[in-house]
Amino acid sequence: MPWRLARAMAAAATPLDVLDLPVEDAGGAVLAGPVRARADLPAFDAAAMDGYAVAGPGPWRPAGRVLAGRTAPGEVGTGEAVEIGTGAPVPYGTRAVVPYEAVTCADGRLHGPFESGRHIRRRGEDCRADTKVVPAGSVVTPVVQGLAASVGHDLLRVRRRPRVAVLVTGDELTFSGLPGVGRVRDAIGPMLPGLIDWVGGRAAPPVRVADERASLATAIADAEEADVVVVCGSSSRGAADHLRAVLRASEAEFLVEGVACRPGHPQLLARLADGRPVVGLPGNPYAALVAALTLLAPLLGALTGRLTAGGGWVRLDSRVTAHPVDTRVVAVRRDGAKVVPVGRDRPGLLWGAALADALAVVPPGWRGEDVELLALPSR
Ligand SMILES: Nc1nc2c(c(=O)[nH]1)N[C@H]1C(S)=C(S)[C@@H](COP(=O)(O)OP(=O)(O)OC[C@H]3O[C@@H](n4cnc5c(N)ncnc54)[C@H](O)[C@@H]3O)O[C@H]1N2
Ligand code: MOO
């Protein structure tokens, strides 16, 4: 299947259910509806400077004080100056606030410039009640949490974060210490939880599965709590690769079975009989990363209802060569206005991707047109 179509297949999943979370706990979730202001902002006419609220030109006679937090601001009359703190509600009749620095005192009178409307934040001037301030599908970032609180929200309606089971196959894998003859350190188990979290899911700790058909079938069946099951390795056609056979035997429906891309062509997406998706990632770690960004990231994005934020389209260094029929996915970094290949991105090696700013999607037969960038997790 062409790379772009495979990605679109993954992105067609139906979003999960919604829940209301306290603003403080909603970080990282995706908004199920827009955030609307629940009140005018500011909610009252307020001083923007520490100084004096006045009703017209000076000189003024000092007439009391209002500090922030007061609810009854009183009144300011002609020729009066009410001392006021930034953020405090201005007294009725205020036409300007004159900052302390601009005021001098002589003969018991205050003197200073008067400019009608100056240094008053009028009710609703930042935003009116019911204005949509953040669109549905946005990620609740720390800034969104702050804004949501400013406009009066205690709870935010978000999509449930998909729970992802990660099954790591490969009898040759070791999980600590050095690789050696016939022994390969698991690199996908340590990579996936952070990547899944970054795209809005929640990964359970990776589960090791022996290269046996029955073990893989049992592990998939046991992952019943998961909204998505990811199988690492076992995606190809070798004697120890059982994923396709297990899925066929369980009457799963294949949505994507192989993608015309390099690396990562054996990746797959299927739907279990109960509707839950299974993503098969190739065992080669860089191929697994490419597949995770091709199928898993758009799938989790769709389940959370996340607005797709592409990495943008850029001009790519002409040293990159295209493949005649497959899409190439290449580790790149920005170098001024250009994007250049990092190298060290063979299927089994994460070195290039670890140094890269993004992965560039180079279509088959590419001849120098702008290419799409896939963002990589930055932390
Ligand atoms: N006859 C064919 N053989 C292969 C094809 C093919 O089209 N026809 N495709 C090749 C490509 S491309 C890839 S990628 C691999 C995919 O294989 P699997 O997904 O079945 O994975 P394994 O065979 O188990 O492992 C491949 C390779 O990756 C290493 N590996 C596996 N898991 C991990 C892990 N968690 N961390 C680090 N390294 C891992 C494993 O030791 C192997 O070296 O198939 C090719 N063959
Ligand atoms: O397509 Mo494989 O996934 O290159 O290593």
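These numbers were taken from a predicted model, which means no experiment stands behind them.

Asker: Help me get a handle on the site of ligand 1, residues and values and all.
Answerer: With respect to spatial proximity, 26 residues lie near ligand 1, and among them G233, S235, S236, P282 and G283 are the closest. Broken down by secondary-structure element, the contributors of at least two residues to the shell around ligand 1 are helix 3 (188–198) and helix 6 (285–303). Residues belonging to the shell around ligand 1 are distributed by class as follows: twelve nonpolar, ten polar and four charged.

Asker: Quick one: what's the story with the UniProt feature "domain: MoaB/Mog" (unreviewed entry) in the protein chain, residue by residue and with numbers?
Answerer: Summarizing the sequence annotation, UniProt attributes the feature "domain: MoaB/Mog" (unreviewed entry) to residues 165–302 in the numbering used throughout. Taken end to end, residues 165–302 is 33% helix and 25% strand, and its first and last C-alpha atoms sit 17 Å apart.

Asker: Give me the lowdown on the site of ligand 2, citing residues and values where you can.
Answerer: Close to ligand 2 lie P263, G264, H265, P266, P282, N284, A287 and P347, which account for all nearby residues. Partitioning the shell around ligand 2 into residue classes produces five nonpolar, three polar and no charged.

Asker: Break down the domain arrangement of the protein chain for me, citing the residues and quoting the values.
Answerer: For the protein chain, the domain assignment lists domain 1 (3–15 + 161–303), domain 2 (18–39 + 140–159), domain 3 (46–121) and domain 4 (313–375). A separation of 36 Å is found between the C-alpha centroids of domain 2 and domain 4.

Asker: Hey, could you go over the sheet that holds strand 6 (residues 80–84) for me, with residue numbers and the actual values?
Answerer: Backbone-to-backbone hydrogen bonds join strands into a sheet, with any given pair of strands oriented parallel or antiparallel. Here we have four strands laid out as an open sheet, ordered 5-6-4-7, and mixed in their pairing. Either end of the sheet is taken by a strand with one partner, and the two such strands are strand 5 (61–66) and strand 7 (96–99). Within the sheet, the average angular offset between the axes of one strand and its neighbour, ignoring direction, is 35 degrees. Both strand 5 and strand 6 contribute to a ladder of four bridges, which runs parallel.

Asker: Lay out the nonpolar core with the relevant residues and their values.
Answerer: L167, V229, V230, A292, L359 and A360 are the most contacted members of the largest nonpolar core, which totals 72 residues. Top contributing element to this core by residue count: helix 6, with 14 residues. Both of domain 1 (3–15 + 161–303) and domain 4 (313–375) provide at least three residues apiece to this core. Filtering out sequence-adjacent residues up to four positions away, L359 remains in contact with V290, L293, V329, V330, A331, V332, A353, L374 and L376. One finds M49, V76, A96 and V98 within the second-largest nonpolar core, a separate group that totals 20 residues.

Asker: Break down helix 4 (residues 213–222) for me, with residues and values.
Answerer: Considered for burial, the residues of helix 4 that qualify are L216, A219 and I220. Down the axis of helix 4, the smallest arc covering the buried residues is 95 degrees, so these residues share one side. Facing away from the buried side of helix 4 by more than 90 degrees, the exposed set consists of A214 and A221. Buried residues along helix 4 sit in contact with strand 13 (163–169), strand 17 (207–209), strand 18 (228–232), helix 5 (243–249) and strand 22 (277–281).

Asker: Before we move on, can you summarise the pairing of strand 25 (residues 338–341) with the specific residues and values?
Answerer: Alignment of strand 24 (residues 327–335) against strand 25, held across four bridges, turns out to be antiparallel. If you follow R333 over to strand 25, its bridge partner there is V340.

How each quantity is defined
Residues numbered from 1 in each chain as written. Chains lettered and ligands numbered in written order. Predicted model: local features only at pLDDT ≥ 70, side-chain atom pairs only at ≥ 80, totals over all residues. Near = placed C-beta within 6 Å. Helix = DSSP H or I, 4+ residues; strand = E, 2+ residues; numbered from the N terminus. Nonpolar A, V, L, I, M, F, W, Y, C, P; charged D, E, K, R; others polar. UniProt positions renumbered as here; feature names shortened; annotations may be inferred. Domains from an automatic or database assignment. Pairing = 2+ DSSP bridges. Axes fitted to C-alpha atoms, helices over the stretch in contact; angles between N-to-C directions. Core = buried A, V, L, I, M, F, W, Y, C linked by C-beta atoms within 7 Å. Buried ≥ 20, exposed ≤ 12 C-beta atoms within 10 Å, placed from the backbone. Contact = placed C-beta atoms within 7 Å. Arc of directions from axis to C-beta.

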